[in-house]
Amino acid sequence: MTELLQQVINGLSLGAIYALIALGYTMVYGVLRFINFAHSDVFMLGAFTAFYSSRALGRWGFAGGGFLGGLLVLVISMAACAVIGVLIERLAYRPLRKRSTLTVLITAIGVSLFLQNGGQMVFGVNPKAFPNIFPSQTFKLGGLVINSNQLVVLGVALALLSALHWIVQRTRIGTAMRAVSFNATAASLVGIDTNRIISFTFGLGSALAGAGGVLYGMNYPSIEPLMGNSPGLKAFIAAVLGGIGSLPGAALGGMVLGFVETGVSGTRWSTYRDAVAFAILIGILLFRPAGLLGRNRIEKV
Amino acid sequence: MPGWLNRSQLVLAAALLAAGVAQFLSNRLDSYVLSVAMGVGINIILASSLNLINGFTGQFSLGHAGFMAVGAYTAAVLTGKLAPQLQPIFGGHVELLFPFALIVGGLVAAVAGGLVGAPSLRLKGDYLAIVTLGFGEIIKVIFQNVEYVGGAKGLNAIPDYSNLFWVFGTTAITVYTVWALMNSTYGRGFLAVADDEIAAEAMGLNTTRYKMVAFVVGAFFAGIAGGLFAHLNNSINPSGFDFNKSIEIVVMVILGGMGRHTGVILAAILLTVLTELLRQFGDYRMVIYSLLLILLMLTRPQGLLIWPIRKSASRRTT
Amino acid sequence: MSASGLQLNRVTIRFGGLTAVSEVSATVRPGELAGLIGPNGAGKTTVFNLITGVYAPTEGTIEFAGRALTGLKPFEITARGIARTFQNIRLFGSLTVFDNVRVAFHLHLQQGPGQSLFRGPSFHREERELSERTRELLEIFKLDRVRNEPARSLPYGDQRRLEIVRALATQPELLLLDEPAAGMNPAEKVELMKLIQFIQERYKLAILLVEHDMKVVMGICQRIHVLEYGRKIAEGTPAQIRENPAVIAAYLGYEPENGPTV
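Residues numbered from 1 in each chain as written. Chains lettered and ligands numbered in written order. Predicted model: local features only at pLDDT ≥ 70, side-chain atom pairs only at ≥ 80, totals over all residues. Heavy atoms only, no water.

Caption draft 1: Local environment of the sheet that holds strand 8 (residues 206-210) of chain C. Residue and element names in this part refer to chain C. Taken in spatial order, the 6 strands of this open sheet run 6-7-8-3-9-10, and their pairing is mixed. Only two strands of the sheet have a single neighbouring strand rather than two, namely strand 6 (82-84) and strand 10 (231-236). When the angles between neighbouring strand axes are averaged without regard to direction, this sheet yields 20 degrees. By the bridge criterion, 5 bridges tie strand 9 (residues 223-228) to strand 10 in an arrangement that is antiparallel. Its bridge partner being in strand 10, His225 is matched across the sheet by Glu235. Of the strands in this sheet, strand 3 (33-37), strand 6, strand 7 (174-178), strand 8 and strand 9 touch helix 1 (residues 44-51), which is tilted by about 145 degrees from strand 7. (Pairing = 2+ DSSP bridges. Helix = DSSP H or I, 4+ residues; strand = E, 2+ residues; numbered from the N terminus. Axes fitted to C-alpha atoms, helices over the stretch in contact; angles between N-to-C directions. Contact = heavy atoms within 4.5 Å.)

This is the structure:
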């Protein structure tokens with residue numbers, strides 16, 4: 001029983017991180033109908049921004065390890081990733097707006113390779129220990145072991161999800177985002193500047209990925225330039241699982257993936273972790289391509 | 001009816017002969033040049049066979065490295081662990097073990113292609129790309145976990161059976177196969193499926209069967225290329241057949257202009273040589289490669305080496 | 001084809017809550033030139049998609065030549081002798097005009113992947129024969145001079161014609177034409193009417209025509225079926241349809257006193 005609860009807690013905090021990344025995939029797919037392969041590398045850049053900014057803050061005498069300091073690092077990382085995301089869209093994807101999905105997909109793969117290999121040159125190939133940006137403490141409740149970082153992860157993820165929900169449902173720009181993702185041509189006909197909305201979407205999605213990177217670093221104490229691959233893939237699967245284009249779906253899919261992964265890790269099949277994730281992806285695509293919360297489309301003849 | 005009607009087969013025979021002559025003269029070549037040349041041949045096989053799926057039939061597969069892995073492992077096991085049992089079958093002709101291993105590797109890869117293709121080929125575009133990517137990665141994970149083939153460390157001390165004859169002989173057969181499949185009334189069906197599946201179906205084409213044929217034949221040659229690769233490099237491991245390897249092959253097809261025979265062959269040559277040249281940049285290699293890829297997509301997404309119109313086969317049907 | 005031709009028996013299809021076609025029954029006899037008309041969104045193209053197996057009916061059955069088409073895939077239905085064109089032209093754009101027609105002989109091919117590879121004498125014989133037949137078709141329909149152009153580069157009218165020729169190459173007994181006159185000027189429409197009549201006489205096949213243009217439908221069809229909101233509201237000769245109050249109401253948009261009759 002305790003073990004199960006422990007798994008639930010671990011699954012929740014991993015799932016929350018997947019959910020944050022999955023949201024970026026799903027939002028970009030919503031407005032541009034393509035899979036942004038470079039998204040997982042923005043996540044990696046988020047972790048590295050946190051790594052360097054917390055160091056810099058420490059050097060400037062800013063008390064590292066405090067709660068406010070941690071929040072500041074988080075905000076810096078999110079802002080940096082938002083800028084990077086917007087830049088990537090501007091430089092690499094926008095010129096391809098009218099081209100085939102295939103072209104954009106390959107470009108995205110190119111951007112991803114560039115960020116990973118560039119990252120290896122700039123940050124080095126070896127894993128780096130991630131600093132304690134938030135005060136860390138371990139509680140023991142009966143047989144349960146809970147790290148305060150896990151609670152921070154859950155709290156931050158929850159706060160960001162609510163903020164995103166508010167932006168998308170309640171603000172003007174959120175309404176415009178939904179309009180673009182429903183029908184980009186119609187949206188531009190009623191005077192929505194679709195390019196601006198797409199930029200905003202990339203910024204928003206990348207900020208969430210950046211936050212995901214910071215939270216991931218806190219829970220898995222070392223970071224390296226290729227760290228985005230595996231979580232990126234899982235988050236992408238989460239987005240498809242929930243129904244690509246659906247925000248609640250991405251959040252739900254992230255949670256499911258988190259639980260499945262912690263579940264499988266506890267068994268002797270743990271080396272098949274990634275294969276299980278892919279099997280879920282394939283199963284979903286084959287049997288319910290619209291995902292858990294997505295809608296089916298009928299092809300027009 | 002012999003004569004010019006079978007000209008294509010004559011070209012194939014000449015290419016096979018040339019591969020034999022090249023092999024005969026190969027001891028005069030520098031071993032580095034030799035291995036790059038064989039790398040070129042293997043990449044032509046990979047790119048041409050993927051071109052059948054992605055280019056001519058319009059299905060976007062991102063799992064070609066997975067089928068290559070199946071062929072590589074099968075062939076390496078046959079010439080390695082199972083060689084003592086197999087050799088007696090070939091009697092005095094041990095040299096036949098390698099082609100046998102290659103073909104079996106291709107067949108097993110083709111079966112894998114069929115197993116992957118059957119459920120996935122009703123998906124289109126991005127979704128098909130992701131599912132094939134997923135299958136490719138699953139194949140990799142399975143090899144990582146099978147101790148019989150060395151797990152994550154892979155197989156070592158694979159005999160170096162690959163030579164110019166086998167590599168370029170197979171290359172010639174692959175190119176001929178893809179070309180011959182396309183240049184017939186039956187084969188125009190692949191292009192029709194790529195252009196418009198619904199219309200193709202309405203014209204009585206069993207589009208699912210066409211896609212399966214493309215997928216299985218493509219996987220077969222990827223498997224053979226894997227076998228050649230294993231016996232050129234002498235060692236293989238699962239991570240050598242990951243998603244990045246698949247991307248590399250996809251890039252050759254795109255660079256050559258999807259669905260063009262010569263363009264894709266030239267692209268395979270160009271990229272293999274380019275990769276070798278970039279080696280001198282060491283760590284910068286992949287950074288330059290990725291930047292070139294992005295620039296290419298931004299400036300020439302239709303391919304680097306293309307001609308305005310797909311050559312019509314209506315003037316002559318041979 | 002047996003005497004029974006094409007029969008729709010109380011065919012219904014629903015997409016979620018929307019009933020696009022409701023209990024439609026109709027017959028197209030062998031060799032008949034029939035029309036299917038109705039206002040926008042009446043379900044005409046959906047009926048085509050049901051006949052050709054793109055959609056499966058929720059209820060009801062469709063029979064052709066005395067055999068049910070239930071559960072058949074589109075290509076199997078084409079093999080039974082039903083060919084079609086599409087409202088929004090669907091040619092093989094990157095293929096040449098010649099190849100567009102050649103590929104449609106698929107159902108009657110002896111060759112497969114094996115013969116394409118080995119290219120023996122019988123392969124070459126078949127290829128020559130098909131080239132000949134393709135060229136003949138292209139000549140009859142005056143597309144011969146553009147045979148090496150990619151289909152997508154043809155002018156609109158030629159594309160429409162090519163789509164019909166391609167459908168004929170499958171050697172159908174029933175040809176479904178989905179708005180063949182769409183986007184044509186009056187002179188082209190007159191040409192088209194002649195063409196359709198010519199096809200029916202020369203190839204002795206039945207034709208079912210979805211069309212908006214009343215002149216075209218009234219001018220050439222022997223029998224007309226009228227749909228409105230997915231239901232069949234009338235059937236008869238052009239003269240009968242012209243007088244039918246339900247049809248007039250459907251097209252003019254008001255309710256006649258006795259209401260539409262099914």
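Caption draft 2: Geometry of the pattern of salt bridges. Tallied over the full model, the rule gives 24 salt bridges over all chains. For C:Arg14, the salt bridge identified is with C:Glu59, shortest N-O distance 3.2 Å. Of this pair, C:Arg14 sits in strand 1 (residues 6-15) while C:Glu59 sits in strand 4 (residues 59-64), placing them 45 residues apart in sequence. For C:Arg14, a relative accessible area of 37% gives the class partly exposed. C:Glu127 serves as the salt-bridge partner of C:Arg102, at 3.4 Å between the closest nitrogen and oxygen. Taken as a pair, C:Arg102 in helix 3 (residues 97-103) and C:Glu127 in helix 5 (residues 121-140) lie far apart in primary sequence, 25 residues in all. The pair formed by C:Arg102 and C:Glu127 is uniform in burial state, with each residue classed as buried. Taken together, the shared-partner salt bridges in this structure form one network comprising B:Arg188, C:Asp99, C:Arg102 and C:Glu127. (Salt bridge = Lys/Arg side-chain N within 4 Å of Asp/Glu carboxyl O. Buried < 20%, exposed > 50% of the residue type's maximum accessible area, 1.4 Å probe, protein only.)

Caption draft 3: Main features of the packing of aromatic side chains. Going through the model one piece at a time under the given rule, you end up with 26 aromatic pairs over all chains. Judged by centre distance (5.0 Å) and plane angle (90 degrees), the rings of A:Phe51 and A:Tyr52 are edge-to-face. Assessed through its relative accessible area of 32%, A:Tyr52 is described here as partly exposed. A network of ring pairs unites the aromatic residues A:Phe48, A:Phe51, A:Tyr52 and A:Phe123 as a single cluster. Above the plane of the ring of C:Phe86 lies C:Arg90, whose end atom (NZ or CZ) is 5.6 Å from the centre. Sitting above the plane of the C:Phe92 ring, C:Arg166 keeps its charged end 4.6 Å from the centroid. (Phe/Tyr/Trp six-rings, centres within 6.5 Å; stacked < 30°, edge-to-face > 60°. Lys NZ or Arg CZ within 6 Å of the ring centre and 35° of its normal.)

Caption draft 4: The arrangement of helix 5 of chain C in detail. With 20 residues, helix 5 of chain C should cover 28 Å at 1.5 Å per step; its first-to-last C-alpha distance of 29 Å lies within 8% of that length. Those residues of helix 5 of chain C that sit buried are C:Phe123, C:His124, C:Glu126, C:Glu127, C:Leu130, C:Ser131, C:Thr134, C:Leu137 and C:Leu138. Viewed along the axis of helix 5 of chain C, the buried residues span an arc of 160 degrees, placing them on a single side of the element. Those residues of helix 5 of chain C hidden inside the fold are in contact with helix 8 (185-195) of chain B together with helix 3, helix 4 (113-118), helix 6 (156-169) and helix 7 (186-203) of chain C. (Expected span 1.5 Å × (residues − 1). Arc of directions from axis to C-beta.)

Caption draft 5: Structural context of the side chain of B:Ser48. Tracing the backbone through its elements, the reader meets B:Ser48 in helix 2 (residues 31-56). Beyond its immediate chain neighbours, meaning those up to four positions away, B:Ser48 contacts B:Thr174, B:Val175, B:Val178, B:Val264 and B:Ile265.

Caption draft 6: Expanded view of the sheet that holds strand 5 (residues 67-68) of chain C. Residue and element names in this part refer to chain C. Strand order in this open sheet of 4 strands is 2-1-4-5, and the pairing throughout is antiparallel. Strands at the two margins of the open sheet, each flanked by one partner only, are strand 2 (18-28) and strand 5. Looking at chain direction, strand 1 and strand 4 are connected through 5 bridges and run antiparallel. Residue pairing across strands places Asn9 opposite Thr61, the latter belonging to strand 4.

Caption draft 7: Region of the structure containing the packing of helix 1 (residues 2-32) of chain A against helix 10 (residues 247-265) of chain A. Residues and elements named next belong to chain A. Packing of helix 1 against helix 10 leaves a shortest axis separation of 6 Å and a crossing angle of 140 degrees. With respect to their mutual orientation, helix 1 and helix 10 come out oblique. Where helix 1 crosses over helix 10, the two elements pack in a sense that is right-handed. Here the contact of helix 1 with helix 10 is composed, by residue class, of 15 nonpolar, 8 polar and 1 charged. (Parallel < 35°, antiparallel > 145°, perpendicular 65-115°, else oblique. Left-handed = near helix turned anticlockwise from the far one by under 90°. Nonpolar A, V, L, I, M, F, W, Y, C, P; charged D, E, K, R; others polar.)

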